[in-house]
Amino acid sequence: MNGSTRYRAQNMVRKEFPSGHSVYTTGEYPSDDLRCWYVVIQGKGLIRRRKVKELRMPGDFFGEMLVTNATCKSNIDVRASDQPLVTYSLDHHTFSKVLSSIAHQRREKYKEELRKVTVGNRKPFGELTEGGLAQLADCLTERSYRPGDSIIKYGEPGRFAHIIMKGRVSVIGRKNGSPFKVCEFAEGEDPIGFLEFFSSEEELTIADVVASPESSSNVVTACINKEHFEKCIGSVKELFKDAADTDQVYGYYRDVKQGSIPA
């Protein structure tokens with residue numbers, strides 16, 4: 001159990017509502033003691049949102065919109081069903097503190113992953129300021145792929161790039177229409193998909209990238225789209241471009257671009 005999860009569990013308060021009791025009413029301001037995030041432990045919560053009726057069972061939650069905005073009116077009706085509703089709850093202050101802690105932990109995790117990235121023998125993101133590194137870290141999204149799953153598909157627009165956080169990937173190129181293995185990358189090594197970001201127009205990918213079929217566990221990446229990557233300062237982009245032009249591992253990329261390998 002990590003720190004934020006432990007803090008959340010330790011600060012949750014048990015609240016019980018009798019059968020038919022109203023927790024939230026549309027158009028009304030909930031009292032401070034009810035403006036909470038609730039997890040249903042026992043019973044059922046009946047929710048009406050306009051004309052849509054929903055049911056919250058044990059393990060489900062509600063109240064996330066109201067607990068994040070301490071001044072808004074309720075836009076839903078919530079009441080206990082025909083049996084008492086037992087919940088554990090977090091108030092507005094505690095919920096905000098938990099979210100802030102989770103966001104901080106997430107940012108620090110991705111900043112560390114960015115610092116580990118190498119292109120050749122260089123660390124491109126090490127040239128970013130602390131603020132720039134944090135900004136880029138906030139743009140990353142974690143994705144998981146089973147062995148053999150496609151991460152990047154040949155011939156599609158190059159809109160996403162990946163930093164390998166766990167596992168190994170295979171790069172499969174084309175020569176006269178036949179696939180062949182170009183190379184492999186593992187965690188901490190060269191990121192994948194960035195080279196297609198440097199064209200002024202939308203560039204198509206020239207290889208498949210798949211989670212290694214021989215892997216015994218999922219490949220985990222930190223994914224970023226082209227728009228967010230362009231927030232990087234120019235020196236980082238130039239380093240990637242220089243690597244594409246000179247590093248041996250990108251020889252296939254250069255050969256395709258120069259036309260010496262027919263796709």
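Residues numbered from 1 in each chain as written. Predicted model: local features only at pLDDT ≥ 70, side-chain atom pairs only at ≥ 80, totals over all residues. Heavy atoms only, no water.

A. Main features of the sheet that holds strand 2 (residues 22–24). Sheet architecture is open: four strands sit in the order 2-7-4-5, paired in antiparallel fashion. Of all strands in the sheet, those bounded by a partner on one side alone are strand 2 and strand 5 (52–56). Each neighbouring strand pair of the sheet contributes to a mean axis angle of 25 degrees, computed without reference to strand direction. The sheet contact formed by strand 2 and strand 7 (residues 77–80) spans two bridges and is antiparallel. Bridging across to strand 7, Ser22 finds its partner in Arg79. (Pairing = 2+ DSSP bridges. Helix = DSSP H or I, 4+ residues; strand = E, 2+ residues; numbered from the N terminus. Axes fitted to C-alpha atoms, helices over the stretch in contact; angles between N-to-C directions.)

B. Representation of the state of the cysteines. If you walk through the whole model with that rule in mind, you get zero disulfides. No disulfide involves Cys223; its sulfur sits 11 Å from the nearest other cysteine sulfur, which is in Cys139. (Disulfide = S-S within 2.5 Å.)

C. Structural view of the nonpolar core. Counting residues in hydrophobic clusters, the biggest one holds 43 residues, and the most contacted among them are Leu114, Phe125, Ile151, Val169, Phe194 and Ile224. Setting aside chain neighbours within four positions, we find Phe194 in contact with Phe125, Ala161, His162, Ile163, Ile224, Phe229 and Phe240. Counting residues in each nonpolar core, the second largest holds 14 residues, with Val23, Cys36, Ile47 and Phe62 among its members. (Core = buried A, V, L, I, M, F, W, Y, C linked by side-chain atoms within 4.5 Å. Buried < 20%, exposed > 50% of the residue type's maximum accessible area, 1.4 Å probe, protein only. Contact = heavy atoms within 4.5 Å.)

D. Region of interest: helix 4 (residues 130–137). For helix 4, the set of buried residues is Gly132, Leu133, Ala134, Leu136 and Ala137. Of the surrounding elements, those touching the buried residues of helix 4 are helix 3 (92–116), strand 15 (219–225) and helix 5 (226–229).

E. Quick peek at the side chain of Ser212. Its place among the elements puts Ser212 in the loop between strand 14 (208–211) and strand 15. Owing to a relative accessible area of 4%, Ser212 belongs among the buried residues under this scheme. Filtering out sequence-adjacent residues up to four positions away, Ser212 remains in contact with Pro147, Gly148, Arg168, Val169, Ser170, Glu184 and Val219.

F. Spotlight on the side chain of Ser170. Examined against the element boundaries, Ser170 turns out to sit in strand 12 (residues 168–175). There is a polar contact of 3.3 Å between the side chain of Ser170 and the side chain of Glu184. Among residues more than four places away in sequence, those in contact with Ser170 are Lys181, Cys183, Glu184, Asp208, Val209, Val210 and Ser212. (Polar contact = N/O pair within 3.5 Å; in protein donor to acceptor, adjacent residues only side chain to side chain.)

G. Local environment of the packing of aromatic side chains. Using the criterion set out here, one finds eight aromatic pairs in the structure. Between Tyr24 and Phe62 the ring centres are 6.4 Å apart and the planes differ by 90 degrees, which places this aromatic pair in the edge-to-face class. Of this pair, Tyr24 sits in strand 2 while Phe62 sits in strand 6 (residues 61–62), placing them 38 residues apart in sequence. Look at Tyr24 and you get buried, because its relative accessible area is 1%. (Phe/Tyr/Trp six-rings, centres within 6.5 Å; stacked < 30°, edge-to-face > 60°.)

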